[in-house]
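Coordinates in review
The chain contents come next:
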Amino acid sequence: MTSSPKSSNLNLGESIVVALGSNVSDGFESCEALLEAALAEFPGAGLPVIARSGWWRSAAWPDPAGPEYRNGIALVETNDPPDAVLAKLHAIECRFRRVRVLKNAPRTLDLDLIAHGRRVIDTPGLTVPHPRAADRLFVMGPLAEVAPTWRHPVSGRTAVELAATATVGLDAEPVS
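Report on the accompanying structure. Note that the coordinates shown come from a computational prediction; the quantities given were computed from them, not determined experimentally. (Residues numbered from 1 in each chain as written. Predicted model: local features only at pLDDT ≥ 70, side-chain atom pairs only at ≥ 80, totals over all residues. Heavy atoms only, no water.)

1. What to know about helix 1 (residues 31–41)
Working note: α-helix, 3.6 residues per turn, so residues spaced by three or four point in the same direction. Among all positions of helix 1, only Cys-31, Glu-32, Leu-34, Leu-35, Ala-38 and Leu-39 are buried. The arc that holds the buried residues of helix 1, viewed along the axis, is 155°, so those residues lie on one side. The elements touched by buried residues of helix 1 are strand 1 (16–22), strand 2 (49–52), strand 4 (69–76) and helix 2 (82–95). (Buried < 20%, exposed > 50% of the residue type's maximum accessible area, 1.4 Å probe, protein only. Helix = DSSP H or I, 4+ residues; strand = E, 2+ residues; numbered from the N terminus. Arc of directions from axis to C-beta. Contact = heavy atoms within 4.5 Å.)

2. A short note on the environment of Lys-88
By secondary structure assignment, the location of Lys-88 is in helix 2. You can call Lys-88 partly exposed: its relative accessible area is 23%. For the pair Lys-88 and Leu-47, spaced 41 residues apart in the sequence, the C-alpha separation amounts to 8.4 Å. Residue contacts for Lys-88: discarding those within four places in its chain leaves Ala-45, Gly-46, Leu-47 and Asp-80.

3. With respect to the nonpolar core
In this structure, Val-17, Ile-73, Leu-75, Val-139, Met-140, Leu-143 and Trp-150 are the most contacted members of the largest nonpolar core, which totals 27 residues. Top contributing element to this core by residue count: helix 3 (residues 137–146), with seven residues. Those residues in contact with Met-140 that lie beyond four places of it in its chain are Ala-133, Ala-134, Trp-150, Ala-159, Leu-162 and Ala-163. (Core = buried A, V, L, I, M, F, W, Y, C linked by side-chain atoms within 4.5 Å.)

Below, the structure written as structure tokens:
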């Protein structure tokens, strides 16, 4: 289910973009149900959702033998700086028993800060925009669905353009 922005005056250049993903439902009926529950936590964490995509499916990456993923995008509103937003996202992941053991391992919940307005940050603990998001159809597809004219802070390309040229997760598609 796609939600339109609350306001037609939404400034996409200042949008805070969060990617959500899951391929382990961990007691929930489905990964979609887990993601809906996680999304419901955002306002209480001080990250009100102003728009969101529907859920997309894709094979596990880089090992397609793993459980299939569900992914989506939320645009949130906050005055918090990027490091505080990331800390809030990690706290939500913890509540959903996210364990960081192996890179790209199956997970209950993955929340990535894709962009924080037009900011460009590259520090050991934080990189925005997310360094690999522009190449991933399972990120750019949902973003193009909810904010097609959003522009990447570095390349200036729109979400639609990036979705069309993505090189990873090319099997990603909306869940019907």
